[in-house]
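# A structural walkthrough
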Amino acid sequence: MPLLIVAVIIFIIADIIIRYAVDKSKENKLRKERESILTESINYDFTTEAKSLKRAEVPNPKAKILCVDDEDVILDSFRKILVLDGYSIDTVNSGAEAIGLIKSHHYDFVFTDIKMPEMDGVEVTKIVKTVRPDIDVIVITGYATIENAVDTMKYGAMDYVQKPFTEDELLAFTKKAVVKRQERILKELKPRVHISAAQEPETPSKGEFAIPGGVFISEGHCWASIMQDGSVKIGIDDFAKKIMGKIDGIDFPNLGMEVNADQPIFGIKQGKRTAKFNSPVSGKITKVNTELGDNLEVLDYSTYDKNWICMIDASNLDSELQTLKIGKGAVLYYQEEIEKYVKKINELLKISDSKVKEAALYWEGINDLEDKEFYLITGIFFKK
């Protein structure tokens, strides 16, 4: 037995050493490829685009950066440091050339020196944020011009980097800027909520929400659709399905059961747990869609129209409809609920600020919650 344990330990250590050696080999190979790119690309003639342009493009770059500075030594430092770390870099000596390039090329960042002849960094910042507001500007500054660099923030500059800088300082600064840009973009690209013309909308993506036109939405995330005879079909809305993710069963109400608005009407099962949903209107249960219980996978395509859960003969429809959301009101409500859910799921999953971008798109999140947290979330959003 001791020999077996020793053998296992030796195997684990050998595996770690081999993995480390392989990773190191890949890293060295990648660095050599980038060194080759750096050496070869700057010798190409790019004068048709800009007189002083030097370009170093790497496959699958971490970011595409345009650097503008009238000092070649600064530009050389940017290329050597950032290209070897996986960034594609264009460098030019004047603001006018930089402005010409942003009109015809896509960059994530423009790094611009604050003090340059003819067009300084303030002017470059103003023009870049006017012509290409999607590009983030970072100002390169010396100690004497820090105050001017700070002033560029009011014109839209993201940040400034102070020279002289070490290799580690520039790498750390650029990595931080990339993360900041990604988080900002994801925050701006909020999930889209739209009204669909059809009763049964096309399957929306995880970051997209659909509400059929003419359908009422309750604050507990049930939908209600009024039939010609005055009866009301009820089901769970798209928001509820995205939070729940996989559905394992439906706890249908009893036929003939009387229910009041805002009282439990049915349950959605996930494993051994059941999320309770409140009725959007008062009345008597006249039908239940038991076929849906046998074909739960259809809810992955749409939660509306024929995928209703029960039907109610409403008793107080005129006044209760006023409490439900429809059209633009429903869209606004969804947007508020999405923000609330993202914030709450981030807290419950203990996601750090550096990973908020992942949580912002993290639907079906309650699958990973403990029972106590599961019922907390479903209580907040479904049993209002």
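Sequence order as written defines residue numbering, which begins from 1 separately in each chain. Under the rules for a predicted model, residues below a pLDDT of 70 receive no local features and side-chain atom pairs below 80 are neither given nor counted, while totals for whole chains, interfaces and linings still include all residues. Hydrogens and waters are ignored; side-chain quantities use all the structure's heavy atoms.

## Concerning the overall build of the protein
- Numbering of helices and strands runs from the N terminus; a helix is a DSSP stretch of H or I covering at least four residues, while a strand is a stretch of E covering at least two. Looking only at helices and strands, one finds 12 helices and 17 strands in the protein.
- Remark: exposure states derive from per-residue accessible area (1.4 Å probe, protein chains only) relative to the maximum for the residue type, with buried under 20%, exposed over 50%, and partly exposed in between. Of all 384 residues assigned to the protein, the portion counted as buried reaches 45%.
- We get accessible surface area from the Shrake-Rupley algorithm with a probe of 1.4 Å; when it comes to residues, only the shown protein chains can shield them. A total accessible area of about 20700 Å² is found for the protein, and carbon and sulfur atoms account for 54% of it.

## Re helix H10 (residues 328–348)
- Residue count minus one, scaled by 1.5 Å, sets the expected span of a helix. Between its first and last C-alpha, H10 extends 30 Å over 21 residues, near the 30 Å set by a 1.5 Å rise per residue.
- Of the positions making up H10, those classed as buried are Ala330, Val331, Tyr333, Tyr334, Glu337, Ile338, Tyr341, Val342, Ile345, Asn346 and Leu348.

## Concerning the nonpolar core
- The definition of a nonpolar core used throughout is a set of buried Ala, Val, Leu, Ile, Met, Phe, Trp, Tyr and Cys residues joined through side-chain atoms within 4.5 Å. Counting 52 residues, the largest nonpolar core has Ile234, Phe266, Ile268 and Phe277 as its most contacted members.
- Setting aside its immediate chain neighbours within four residues, phenylalanine 266 contacts Cys222, Ile234, Gly235, Ile236, Asp251, Pro253, Ala275, Lys276, Phe277, Ile309 and Cys310.
- One finds Ala56, Ile89, Phe165 and Ala177 within the second-largest nonpolar core, a separate group that totals 25 residues. Any two residues whose heavy atoms approach within 4.5 Å are treated as being in contact.

## Quick look at the confidence of the model for the protein
- Confidence along the protein averages 83 in pLDDT terms, with 78% of residues attaining 70 or more.
- Summary of the metric used: pLDDT quantifies the predictor's per-residue confidence within the range 0 to 100. When pLDDT is averaged over each element of the protein, strand S11 (residues 232–236) comes out on top at 97 and helix H11 (residues 356–359) at the bottom at 42.
- Between residues 352–361, whose pLDDT stays under 50, and residues either more than four places distant or in other chains, the model counts 12 contacts.

## A word on helix H4 (residues 121–131)
- Among all positions of H4, only Gly121, Val122, Val124, Thr125, Val128 and Lys129 are buried. The buried residues of H4 occupy one face: seen down the axis, they fall within an arc of 160 degrees.
- Considering only its buried residues, H4 is in contact with helix H3 (95–102), strand S4 (109–113) and strand S5 (136–141).
- Polar contacts, as counted here, are pairs of nitrogen or oxygen atoms within 3.5 Å of one another; within protein the pair requires one atom able to donate a hydrogen and one able to accept it, and residues that are adjacent in sequence qualify only if both atoms are side-chain atoms. One side-chain oxygen of the residue at the start of H4 lies 3.2 Å from the amide nitrogen of valine 122, identifying that residue as aspartate 120. The directions from the helix axis to the C-beta atoms are what the arc is built from.

## Observations concerning unusual backbone geometry
- Following lysine 163, the chain continues into proline 164 via a peptide bond in cis, with omega recorded as 0 degrees.
- Here proline 164 lies in the loop between strand S6 (159–162) and helix H6 (167–188).
- Unusually for a residue other than glycine, histidine 221 sits at a positive phi of about 65 degrees.
- Mapping histidine 221 onto the fold places it in the loop between strand S9 (216–217) and strand S10 (222–226).
- We classify histidine 221 as buried; its relative accessible area is 0%.
- Positive phi is not limited to glycine here, since aspartate 262 has a value of about 70 degrees.
- Tracing the sequence through the fold places aspartate 262 in the loop between strand S13 (258–259) and strand S14 (264–270).
- A relative accessible area of 54% places aspartate 262 in the exposed class.

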